[in-house]
There are 2 protein chains.
Amino acid sequence: MSGVPVAGPFRPVLLEHASRLVNHGPTVLVTSAHGTRRNVMAAAWSMPVEFTPPRIAIVIDKRTWTRELVVASGAFGICLPGPGLADVIYAVGSDTGRELDKFARFDISARPGPVLGVPLLEAGCSAWLECRLIREPHVEDAYDTCFGEVVAAAADERIFANGRWSVHDDNADLHTLHHLGAGNFAVAGHVVKARPV
Amino acid sequence: MSGVPVAGPFRPVLLEHASRLVNHGPTVLVTSAHGTRRNVMAAAWSMPVEFTPPRIAIVIDKRTWTRELVVASGAFGICLPGPGLADVIYAVGSDTGRELDKFARFDISARPGPVLGVPLLEAGCSAWLECRLIREPHVEDAYDTCFGEVVAAAADERIFANGRWSVHDDNADLHTLHHLGAGNFAVAGHVVKARPV
């Protein structure tokens, strides 16, 4: 991929529409911060669990630095990277942020979330969700599965507006990525429509 | 979409590779059976939670007939439909199987799973996973989230072989679907490769 992604026109997403942002299984970047430390990692394993209130589940390995920051702060961010960030996703997903600041290392810009202050990416991304951790110690321990409630969300209006995705050739830089494994990402860039029922 | 999907050459998938089948967030068909009753529904909300042993989480609303069958039988199937089944996915996801057999209603062929006997679709699908429910009453109740361990899996070797997805123009009938909402499915049909790290 070429070029440095820039941020598009992000607009707030209504909370009742927030789960739609991750309905189709995109690979995401998970952001976290506590005190003076922050981190960003990649996660292919997340899903909504409820529309209202908007809640999601995400797998964050207990050995990761992100997990420590999320539990300590009670918050995490989810950002949906486009194709221009494929190298970054793979790089931040293969490295630990314990000894370095991955934002600085990979030249990633972030803004603080409006409610919880988690770092959020917009450049090269289609959307973000700011989430409050819902403590569920048993499933966190047994399955590395963390539940969160979305407290704020926003999307680039070129691809998600009025609660709906609009995927077409003109917004290819914002199409979501879906990790097949080994750094290969399927791009969700073509749409088929089912017959109405 | 046109034509009646036919089953391709399905081959067993090693259990340590099974979670890779749903790593990229496809919308799936969830199958279930208990006694003489069976059902199939659509689910956009599922994810792996572990590679070894292969475990997944899936949201199945407690009000659904599927949930009753899954809890009663302790088993469920996950099938990955291709574009030719878009209409079927949307139809079975919009109807209940309490009063009718959706397999018969929508002319869906199924074979019994090798370990637990759950009905599994192959025609028009790229892969299936047969899962044993792991009882977690609290998260089932609070988040409609059901955990399962994969006990058998298979895939059409034209798109998944030796533990790896191979997505290209020649197997477009097997590309996975990712529900954007309202019957619109993004097709995971184009691949970008990240720079090795």
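Quick notes on the rules
Residues numbered from 1 in each chain as written. Chains lettered and ligands numbered in written order. Predicted model: local features only at pLDDT ≥ 70, side-chain atom pairs only at ≥ 80, totals over all residues. Heavy atoms only, no water. Buried < 20%, exposed > 50% of the residue type's maximum accessible area, 1.4 Å probe, protein only. Helix = DSSP H or I, 4+ residues; strand = E, 2+ residues; numbered from the N terminus. Contact = heavy atoms within 4.5 Å. Phe/Tyr/Trp six-rings, centres within 6.5 Å; stacked < 30°, edge-to-face > 60°. Least-squares fit on C-alpha atoms with pLDDT ≥ 70 in both. Salt bridge = Lys/Arg side-chain N within 4 Å of Asp/Glu carboxyl O. Pairing = 2+ DSSP bridges. Axes fitted to C-alpha atoms, helices over the stretch in contact; angles between N-to-C directions.

## A look at helix α1 (residues 65–73) of chain A
Residues and elements named next belong to chain A. Listed as buried for α1 are Trp65, Thr66, Arg67, Leu69 and Val70. At its buried positions, α1 is contacted by β2 (28–34), β3 (37–43), β6 (75–81), β9 (125–134), α4 (137–143) and β10 (145–156). Directly beyond the C-terminal end of α1, a positive phi value near 70 degrees is found at Gly74.

## Quick notes on the packing of aromatic side chains
Under the definition given, this model contains six aromatic pairs over all chains. Ring centres of Phe147(A) and Tyr143(B) lie 4.0 Å apart, and the angle between their planes is 15 degrees; on these two criteria the pair is classed as stacked. Here Tyr143(B) lies in helix α4 (residues 137–143) and Phe147(A) lies in strand β10, a pairing that spans two chains. No difference in accessibility class separates Phe147(A) from Tyr143(B), as the two residues are buried. Ring geometry for Phe160(A) and Trp165(A): centres 5.3 Å apart, planes at 75 degrees, overall edge-to-face.

## Concerning the relation of the copies chain A and chain B
In screw terms, the move from chain A to chain B is a rotation of 180 degrees and a rise of 0.0 Å along the axis, fitting with an RMSD of 0.0 Å. In the structure described here, the two chain copies are related by an operation that fits a two-fold rotation axis. Across chain A, the rotation axis passes nearest the C-alpha of Gly25(A), at a separation of 1.9 Å. Most of the interface of chain A is mirrored in chain B, where 100% of its interface residues again form contacts.

## Observations regarding the pattern of salt bridges
Residue and element names in this part refer to chain A. Scanning the entire structure with this criterion turns up 24 salt bridges over all chains. As a salt-bridge pair, Glu68 and Arg98 come within 2.5 Å of each other at their nearest N and O atoms. With a gap of 30 residues between them, Glu68 in helix α1 and Arg98 in the loop between α2 (86–92) and α3 (102–105) connect regions that are remote in the sequence. By relative accessible area, which is 40% here, Glu68 ends up partly exposed.

## Considerations on the sheet that holds strand β13 (residues 177–181) of chain A
Taken in spatial order, the four strands make up an open sheet running β13(A)-β14(A)-β14(B)-β13(B), and their pairing is antiparallel. Every other strand in the sheet has two partners, leaving β13 of chain A together with β13 (177–181) of chain B as the edge strands with one partner each. The average undirected angle you get between the axes of adjacent strands in this sheet is 45 degrees. Note: β13(B) against strand β14 (residues 184–193) of chain B, four bridges, orientation antiparallel. The partner of His178(B) across the bridge, within β14(B), is Ala186(B).

## As for unusual backbone geometry
In this model, Thr52(A) is joined to Pro53(A) through a cis peptide bond whose omega is -5 degrees. Take Pro53(A): it is sitting in the loop between β4 (46–50) and β5 (55–59). In this structure, Asp144(B) is a non-glycine residue whose phi angle is positive, near 55 degrees. Mapped onto the elements of the fold, Asp144(B) is located in the loop between α4 and β10 (145–156). Among the residues examined, Asp144(B) registers a relative accessible area of 8% and is labelled buried.

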